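# Observations on the model geometry
Chain residues, written in single-letter form:
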Amino acid sequence: MKILKESKKRTPADTRALRDTVSDIIDQVCTRGDEALREYNLKFDQCSRDFLRVSPEEIRDAYSQLDSQELDDMKTALGNIRAFAQAQRETLSELEDFSPMPGIHLGHRILPVRSCCCYVPGGSYPLYSTALMLAAPAKTAGVPRITACSPVVKGTGRIHPKTLAAMDLAGVDEIYAVGGAQAIAAFSYGTKQIAPVDLIVGPGNRYVTEAKRQCYGQVGIDFVAGPSEVLILADHTARAEAAAADLLAQSEHDPNAKGILVTTDETLGLAVIDAVEKQLETLETAPIARQSWNAYGEVLLAASVQEAIDLANELAPEHLELTMEHPDEILPYLYNYGSLFMGGHTAEVFGDYASGTNHTLPTLGAARYTGGVWVGTFLKTCTHQSMTPKASQNLAPLVARMAKGEGLAGHAQAALIRGRK
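Because the structure is predicted, anything quoted here is derived from the model rather than measured. (Residues numbered from 1 in each chain as written. Predicted model: local features only at pLDDT ≥ 70, side-chain atom pairs only at ≥ 80, totals over all residues. Heavy atoms only, no water.)

## Some words on the overall build of the protein chain
Across its full length, the protein chain carries 16 helices and 14 strands. By its C-alpha atoms, the protein chain is 85 × 60 × 45 Å across when sized along the principal axes. By the burial criterion, 49% of the 421 residues in the protein chain qualify as buried. Of the contacts formed within the protein chain by residues at least 6 apart in sequence, a portion of 73% connects residues at least 24 apart. Put simply, the protein chain shows about 20,700 Å² of open surface, and 52% of that area lies on carbon and sulfur atoms. Within the protein chain, the 51 negative side-chain charges are centred at a point lying 11 Å from the centre of the 39 positive side-chain charges. (Helix = DSSP H or I, 4+ residues; strand = E, 2+ residues; numbered from the N terminus. Buried < 20%, exposed > 50% of the residue type's maximum accessible area, 1.4 Å probe, protein only. Contact = heavy atoms within 4.5 Å. Areas by Shrake-Rupley, 256 points an atom, 1.4 Å probe, with all protein chains shown as cover. Lys, Arg positive; Asp, Glu negative; His and termini not counted. Charge placed at Lys NZ, Arg CZ, Asp CG, Glu CD.)

## Re the nonpolar core
Nonpolar side chains in soluble globular proteins tend to be buried together. Formed by 45 residues in total, the largest nonpolar core has its most connected members in Cys116, Cys118, Val143, Ile175 and Phe378. The dominant element in this core, judged by the number of residues it contributes, is helix H5 (residues 128–141), at eight residues. Once residues within four sequence positions are removed from consideration, Phe378 is found in contact with Leu111, Pro112, Val113, Cys116, Leu134, Pro137, Ala138, Ala141, Val143, Leu199, Val201 and Val373. In terms of nonpolar packing, the next biggest core, distinct from the first, is built from 28 residues, Cys117, Tyr119, Ala181 and Val219 among them. (Core = buried A, V, L, I, M, F, W, Y, C linked by side-chain atoms within 4.5 Å.)

## Quick word on H5
Between its first and last C-alpha, H5 extends 21 Å over 14 residues, near the 20 Å set by a 1.5 Å rise per residue. Extensive coverage of H5 is indicated by the burial of twelve of its 14 residues. Every buried residue belonging to H5 is among Ser129, Thr130, Ala131, Leu132, Met133, Leu134, Ala135, Ala136, Pro137, Ala138, Thr140 and Ala141, and all of these are buried. Of the residues one or two after H5, Gly142 is the one with positive phi, at around 95°. (Expected span 1.5 Å × (residues − 1).)

## Some details on a nonpolar patch on the surface
Where nonpolar side chains cluster on the molecular surface, the patch consists of Leu398, Val399 and Met402 and spans about 260 Å² of accessible area. Given the relative accessible area of 38%, Leu398 is considered partly exposed. (Patch = residues over 30% accessible without salt bridge, like charges linked within 9 Å, V, L, I, M, F, W, Y side chains within 5 Å. Salt bridge = Lys/Arg side-chain N within 4 Å of Asp/Glu carboxyl O.)

## Things to note about the environment of His160
With respect to the element layout, His160 can be found in the loop between strand S5 (145–150) and helix H6 (161–169). The class of His160 is partly exposed, set by a relative accessible area of 24%.

## Some points on the sheet that holds strand S14 (residues 379–387)
Taking strand neighbours across the sheet as the criterion, the three strands line up as S2-S3-S14 in an open arrangement whose pairing is antiparallel. Edge positions in the open sheet fall to strand S2 (95–98) and S14, since each of these has one partner strand only. The mean angle between the axes of side-by-side strands here comes to 15°, regardless of whether they run parallel or antiparallel. Seen against the sheet, helix H15 (residues 389–405) touches strand S3 (104–112) and S14 and runs at an angle of roughly 95° to S14. (Pairing = 2+ DSSP bridges. Axes fitted to C-alpha atoms, helices over the stretch in contact; angles between N-to-C directions.)

## A word on the sheet that holds strand S10 (residues 258–263)
Pairing is mixed in the open sheet, where six strands are placed in the order S1-S11-S10-S9-S12-S13. Of all strands in the sheet, those bounded by a partner on one side alone are strand S1 (2–5) and strand S13 (339–342). Put simply, the sheet's adjacent strands are angled 20° from each other on average, direction ignored. Contacting strand S9 (229–234), S10 and strand S12 (319–323), helix H9 (residues 240–251) crosses the sheet at an angle of about 165° to S9. Its contacts with the sheet put helix H11 (residues 286–296) on S1, S10 and strand S11 (298–301), and the angle it makes with S10 is roughly 50°.

## A closer look at the side chain of Lys258
Considering the arrangement of structural elements, one finds Lys258 in strand S10. Overall, Lys258 belongs to the buried group, its relative accessible area being 15%. A distance of 3.1 Å separates a polar atom in the side chain of Lys258 from the backbone oxygen of Tyr296. Beyond its immediate stretch of four places on either side in the chain, Lys258 contacts Ser7, Arg10, Ser228, Glu229, Val230, Gln250, Ser292, Tyr296 and Glu298. (Polar contact = N/O pair within 3.5 Å; in protein donor to acceptor, adjacent residues only side chain to side chain.)

## Comments concerning the pattern of salt bridges
The tally for this structure, following the rule as stated, stands at 14 salt bridges. Close ionic contact of Glu58 with Arg49 constitutes a salt bridge, the shortest N to O distance being 2.9 Å. On the basis of relative accessible area, Glu58 is assigned to the buried category, the value being 9%. With relative accessibility at 15%, the residue Arg49 sits in the buried group. Close ionic contact of Lys162 with Glu70 constitutes a salt bridge, the shortest N to O distance being 3.3 Å. Taken together, the residues span a long stretch of sequence, with Lys162 in helix H6 and Glu70 in helix H4 (residues 68–89) at a distance of 92 residues. Judged by relative accessible area, Lys162 falls into the partly exposed class, the value being 22%. Overall, the relative accessible area of 24% leaves Glu70 in the partly exposed class.

## Some thoughts on the packing of aromatic side chains
A complete count under the given rule lists two aromatic pairs for this structure. Summarising the aromatic geometry, the rings of Tyr40 and Phe44 are spaced 5.8 Å apart at their centres and angled 5° between planes, so their arrangement reads as stacked. Of this pair, Tyr40 and Phe44 both sit in helix H2 (residues 34–45), four residues apart, roughly one helical turn. Given a relative accessible area of 11%, Tyr40 falls into the buried group. Given a relative accessible area of 35%, Phe44 falls into the partly exposed group. (Phe/Tyr/Trp six-rings, centres within 6.5 Å; stacked < 30°, edge-to-face > 60°.)

## Describing the packing of helix H1 (residues 16–32) against H2
Helix packing for two helices is described by the angle between their axes and how far apart those axes are. Following both chains from N to C, one finds H1 and H2 inclined at 135°, their axes separated by 6 Å at the closest point. As summarised for this structure, H1 and H2 are arranged oblique, according to the angle between their axes. On H2, the residues touching Asp24, Ile25, Gln28, Val29 and Arg32 of H1 are Asp34, Glu35, Ala36, Leu37, Glu39 and Tyr40. A breakdown of the residues in the contact of H1 with H2 according to their chemical character gives five nonpolar, one polar and five charged. (Parallel < 35°, antiparallel > 145°, perpendicular 65-115°, else oblique. Nonpolar A, V, L, I, M, F, W, Y, C, P; charged D, E, K, R; others polar.)

Here's what the structure looks like:
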């Protein structure tokens, strides 16, 4: 593998200070509840509101600040996201009356969690698309209580109107103006104003991520996410300008985002580097994108398609673009990625907003063991069983022998009692 543009190596950060800060925030919320939430809102977002739940009047006002095109775009994107989530849901079926032995009846039900919180980041941009991506599959799964939260626009006391409208459109039942680690703590343990939930999903900054890590167990989470990533596998058929644009689309997220191009064509690789520099000259988000590209952008020349595939599987990227002549032939050999985009016409940003797949995806190699948020994130597969008297009598001796082999006499007795006539 030849390096055409080298990136800065990520080193394990000293997270002790972060852990301690987040742990203190969680303790404060658990101890002082809403009082702590109000103090953190004021400290971090200059928000002085007393009631954290967003009112119907605020939601109506948010809609009034959107023009018809913005609202139509949200509805179209939401329609695609819901349609795909529904198609995914239909692939999951309940199992009834499976019998491994005569008289033993097994099955499973697919049940939604009873409540969830969709965490929608605020920060530099109103990431209202995330509200659609989180709440739509939760609604499709049938979650009875869907809550959402987001930091307010600093100094206003209100969530950005686009984010608020998106939450409402997607079917959120309760919306709260609170963000950060304190929001994760509140929805994990509960306060007077916020009842706890069973599952928290959604991306956030490193404080939110660390809070999800620390609260996991008390509450379920989707996964622990880090900075955004894209890996592009490309050959001579790829367009340099398109590849450069896709790399910068990731780079503009934040200074720690990572864009990687792996190509089998050196001419293309060098052309992409040039195209990135040209596009940075006019890109509105160039200050962040350039910082990210300079630090973590990478262009590599692979000796073969197989070498490129091997690297992709090793890195397990959040987004994987396959811009090659015959992508269908390569697909069977790829197994570690959050979401895959096949062919030069399939920009990763389409999945970010409106094509229908979810954009809440695993990062930092987590795609080795999990996929992204989907309708199944909000569902549980719960088994059940029943037995006839004869089946119970037949199975009891086997179970009793195994229980005694583990030294668990009570287990053996509970089985043998069922086996007695």
